[in-house]
Amino acid sequence: SSLKHRDAYLAILRMCDVMDDTVLVNKMLLGELHQNPDDKKNEDDEEDKPSPILDLVLSDTGSKMFLLLLVPKEEMSSSDDDKATPRWHKLLDPYEVSALHQKPTVTENGEEVPTSKKESETRRRELLVYLKELLVDVCTKSTEELMRSKSGSKVLIEVCENFASEELFQAIVDACADESEDE
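Below is a short write-up of the structure. (Residues numbered from 1 in each chain as written. Predicted model: local features only at pLDDT ≥ 70, side-chain atom pairs only at ≥ 80, totals over all residues. Heavy atoms only, no water.)

A word on the overall build of the protein chain. A count of helical and extended segments in the protein chain gives nine helices and two strands. Along the protein chain, helices (α) and strands (β) appear in the sequence α-α-α-α-α-β-β-α-α-α-α when read from the amino end. Scored against the burial criterion, the 183 residues of the protein chain give a buried share of 40%. A separation of at least 24 residues holds for 63% of the contacts in the protein chain among residues at least 6 apart in sequence. Summing over all exposed atoms, the protein chain offers an accessible surface of approximately 11,000 Å²; the carbon and sulfur share of this is 49%. (Helix = DSSP H or I, 4+ residues; strand = E, 2+ residues; numbered from the N terminus. Buried < 20%, exposed > 50% of the residue type's maximum accessible area, 1.4 Å probe, protein only. Contact = heavy atoms within 4.5 Å. Areas by Shrake-Rupley, 256 points an atom, 1.4 Å probe, with all protein chains shown as cover.)

This is how it looks when you write it as structure tokens:
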């Protein structure tokens, strides 16, 4: 997937960030994620084919698409600093923030007019609808692996905040219980 490429992932993040046609974004960019081989695995293939969702959630660059969609842009971080910053800024490096922070505009009659008719929060929520089931599923089935990964744990936390469910929390408790039994 292009989301794992060291530079190409930024183009995908930007498309998710500015394209108004969320149905098209889902078909073009997110469609391959819906063809999750977890549902079609044979017992012989179980170890050979990792979940494409899990692979992306665990990758440093791939996880950023999920984080971009899971964290509202307007939500401010609660820090002790005098300067309040949007929470999503803390999940990305400064270069990524600068690439994604700019809102595209055109000049009409001397005025800057946004090229997007849809609010970014509306776009974010619409795209998240397409990924909700996949994210909850990967977080429930691969909880322990996500908890051990820096990128994966960030996604797990945001999925818990956005799509809290008893099943998801039970998976986290079970993963913690398994870990304490191993010690």
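From this point, the narrative continues.
Turning next to the packing of helix H4 (residues 62-70) against helix H8 (residues 150-162). At a minimum axis distance of 10 Å, the contact between H4 and H8 shows a crossing angle of 25°. Looking at the two axes, H4 sits roughly parallel to H8. For H4 against H8, the interelement crossing comes out left-handed. Of the residues in H8, those in contact with Ser63, Phe66, Leu67 and Leu70 of H4 are Ser151, Lys154, Val155, Glu158, Val159 and Asn162. Among the residues making up the contact of H4 with H8, the classes are represented as five nonpolar, three polar and two charged. (Axes fitted to C-alpha atoms, helices over the stretch in contact; angles between N-to-C directions. Parallel < 35°, antiparallel > 145°, perpendicular 65-115°, else oblique. Left-handed = near helix turned anticlockwise from the far one by under 90°. Nonpolar A, V, L, I, M, F, W, Y, C, P; charged D, E, K, R; others polar.)

This part is about helix H6 (residues 120-141). In this model, H6 (22 residues) spans 30 Å end to end at C-alpha, consistent with the 32 Å of a helix rising 1.5 Å per residue. The axis of H6 is deflected most strongly, by about 50°, at leucine 131. (Expected span 1.5 Å × (residues − 1). Bend = angle between axes of the 7 residues up to and from the residue.)

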